[in-house]
Structures are given as structure tokens and as C-alpha cells.
Amino acid sequence: MEFKNYKSVINDIDEAKGYVDIYVSAYGNKDLVGDIMDQKAFNKTISDFKSGGSTQLRHLYNHTEDLLLGLPVEMSSDQKGLRVVSHMNMDKQLVKDTFSDYKFFADHNNSLTHSIGYTAINKEFDKKSNTRILKEVKLFEYSTIPFLAANPLTPMNEIKSLKEGEDILLQVKKMLEKGDYSDERFEQLETKINQIESLIKSF
């Protein structure tokens, strides 16, 4: 299985009912590993989903199978990318914390990162542009990626500039001030603050 990250736009959030409307994949742009997702790449996945064939699709946290956030209830494709309306289980503390992150980022015209787990069924390679074009993929899951983990396989262990570190530190502190988090989540964010402050001092 392959993974691909996408910092998406949050279209809508309905906390009362536990729905989030998000794009989980983008079309047409070349990503950091030289892949381009074709606009028809998810046609089979969407068709199977709408006919009830892809009932195993899950909304996960950081590609972790036992950290289930919810299920897709709507799935569609437009010029921008693959759009999913996900119904999240608001009875779980992890989901409440994740929803708090969604709201915080949306309030700042920002978004969490999302990632898909998939297998490439049909692909082409353009030698001239050194690009792999994914013509069809089989989607297994889509994940919300925790803050400060831009890639699930390479968690953040460095900050590239002092300004970047200061900006990230300010964001995390604002999350602590405004977020309605569990004690465990507060501890995680405080740990991140300490890590970032140490990295800033190293500059």
C-alpha cells in the first residue's frame, strides 16, 4: 500500500452531527515524489462506494487501523480532487480532539493534512518529465494526519528555519488556549511546544 498526503480545504464542519466535508486527494498537481493523480483515478472507487461495494472504506487517524475516526457517507470527484463527507464518531475522545483541531484550523483559514492509503492499479510513466501518472487507484482508507506530522512515514524531527519554528510555536500555543482538548491531548501539545522551543534555541 502507498500513502499520499494532501493539505486540503475544509468545506464544511457540522460538530452537532459529527460531519466534516473535506478533500482527501488533489488532481493534476505534481507532488513531492513526482506523482500526478489523474482526474479519473478514483472513478472505480466512487462507483463501488455508491453501489455499496466499498463498505470497508474507513476514516483513520494517521493510517492507524485501530484509531478509527469515522466512515465516509458521501464521495464525489470534481476538477479539484476527491471530496468526502465523513461521519465521525463523536462519542470517542480521539474524535473530539480531532474535531477541535478541525475547528481551530478552519477558524484560521487553514486546514489539517489528509492522506490516503491506496494501491496503484493503472499507472503511466512519463520519462521526459520524470513523472508517474496514476490513472486508476484502489482506495483503502483516508486519514487525518496529526498536527506537525506532514508525512506519516517521516514525522517532524527538525525545523528548517527560525521563523518557521516561531510560527509553528505560536500556532500550537493558540491551539492550547482555544482548543477543547482532553488531558492527553494537552500533554501531547505541551510536549510539542517543548520540542519546538529546544529546536529554536539550537538556532
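Keep in mind that what you see is a predicted model, and the values were worked out from it rather than measured. (Residues numbered from 1 in each chain as written. Predicted model: local features only at pLDDT ≥ 70, side-chain atom pairs only at ≥ 80, totals over all residues. Heavy atoms only, no water.)

**Some remarks on the nonpolar core**
One finds Met-37, Phe-42, Met-75, Leu-82 and Ile-116 to be the most contacted residues of the largest nonpolar core, which totals 30 residues. At 5 residues, helix α2 (residues 93–107) tops the list of elements feeding residues into this core. Sequence-distant contacts of Met-37, defined by excluding residues within four places in its chain, comprise Lys-4, Ser-25, Ala-26, Tyr-27, Gly-28, Phe-42, Ile-116, Leu-134 and Val-137. Counting residues in each nonpolar core, the second largest holds 6 residues, with Leu-169, Val-172, Tyr-181 and Ile-193 among its members. (Core = buried A, V, L, I, M, F, W, Y, C linked by side-chain atoms within 4.5 Å. Buried < 20%, exposed > 50% of the residue type's maximum accessible area, 1.4 Å probe, protein only. Helix = DSSP H or I, 4+ residues; strand = E, 2+ residues; numbered from the N terminus. Contact = heavy atoms within 4.5 Å.)

**Side note on the confidence of the model for the protein chain**
Interpretation of this model should avoid reading the predicted coordinates in detail wherever pLDDT is low. Summing up the model confidence of the protein chain, the mean pLDDT is 79 and the portion of residues at 70 or higher is 77%. Segment residues 148–160: pLDDT under 50, and 20 contacts once partners within four positions in sequence are set aside and those in other chains are kept. (pLDDT = per-residue confidence, 0-100.)

**Some points on unusual backbone geometry**
Of note, Asn-62 is a non-glycine position whose phi angle comes to about 60°, a positive value. Of note, Asn-62 is situated in the loop between β5 (58–61) and β6 (64–77). Although it is not a glycine, His-63 sits at a positive phi angle of roughly 60°. Within the secondary structure, His-63 is located in the loop between β5 and β6.

**As for the pattern of salt bridges**
Should their charged atoms come close, side chains of opposite charge can pair. This structure, assessed with the given rule, holds 4 salt bridges. Across the salt bridge formed by Arg-83 and Asp-21, the nearest N and O atoms sit 2.8 Å from each other. Highlighted residues: Arg-83 in strand β7 (residues 81–88) and Asp-21 in strand β3 (residues 19–26), separated in sequence by 62 residues. The shortest N-O distance in the salt bridge between Lys-44 and Asp-48 comes to 2.9 Å. Of the two residues, Lys-44 and Asp-48 both sit in helix α1 (residues 43–50), 4 residues apart, roughly one turn of that helix. (Salt bridge = Lys/Arg side-chain N within 4 Å of Asp/Glu carboxyl O.)

**Looking at the pairing of β3**
Along β3, 7 of the 8 residues are buried, which leaves the element largely enclosed by surrounding structure. Of the strand pairs in this sheet, β3 and β7 are connected by 7 bridges, and their pairing is antiparallel. Bridging across to β7, Ser-25 finds its partner in Leu-82. (Pairing = 2+ DSSP bridges.)

**Topic: the side chain of Ser-115**
Mapping Ser-115 onto the fold places it in strand β8 (residues 113–126). Note on Ser-115: relative accessible area 0%, which makes it buried. At 2.8 Å, the side chain of Ser-115 and the side chain of His-63 are in polar contact. If we skip the residues at most four places from it in the chain, Ser-115 touches Phe-3, Lys-4, Asn-5, His-63, Glu-141, Tyr-142, Ser-143 and Ile-145. (Polar contact = N/O pair within 3.5 Å; in protein donor to acceptor, adjacent residues only side chain to side chain.)

**Some thoughts on the environment of Phe-140**
Position of Phe-140 among the secondary structure elements: in strand β9 (residues 131–145). Excluding anything up to four places from it in sequence, Phe-140 contacts Met-1, Gln-56, Leu-57, Arg-58, Gly-117, Tyr-118 and Thr-119.

**Re the environment of Lys-92**
Note on placement: Lys-92 falls in the loop between β7 and α2. Lys-92 sits in the partly exposed class, given a relative accessible area of 28%. For the pair Lys-92 and Leu-69, spaced 23 residues apart in sequence, the C-alpha separation works out to 8.2 Å. A polar contact is formed between the side chain of Lys-92 and the backbone oxygen of Leu-68, at a distance of 2.5 Å.

**Some points on the packing of aromatic side chains**
A complete count under the given rule lists 3 aromatic pairs for this structure. Look at Phe-99 and Tyr-102: their rings are 6.2 Å apart centre to centre, the planes differ by 65°, and that puts the pair in the edge-to-face class. Taken as a pair, Phe-99 and Tyr-102 lie in helix α2 at a separation of 3 residues, close to a single helical turn. Both residues of the pair, Phe-99 and Tyr-102, count as buried. Both rings, one in Phe-104 and one in Phe-105, keep their centres 5.9 Å apart while their planes meet at 75°; by these two values the pair is edge-to-face. On the basis of relative accessible area, Phe-104 is assigned to the buried category, the value being 7%. (Phe/Tyr/Trp six-rings, centres within 6.5 Å; stacked < 30°, edge-to-face > 60°.)

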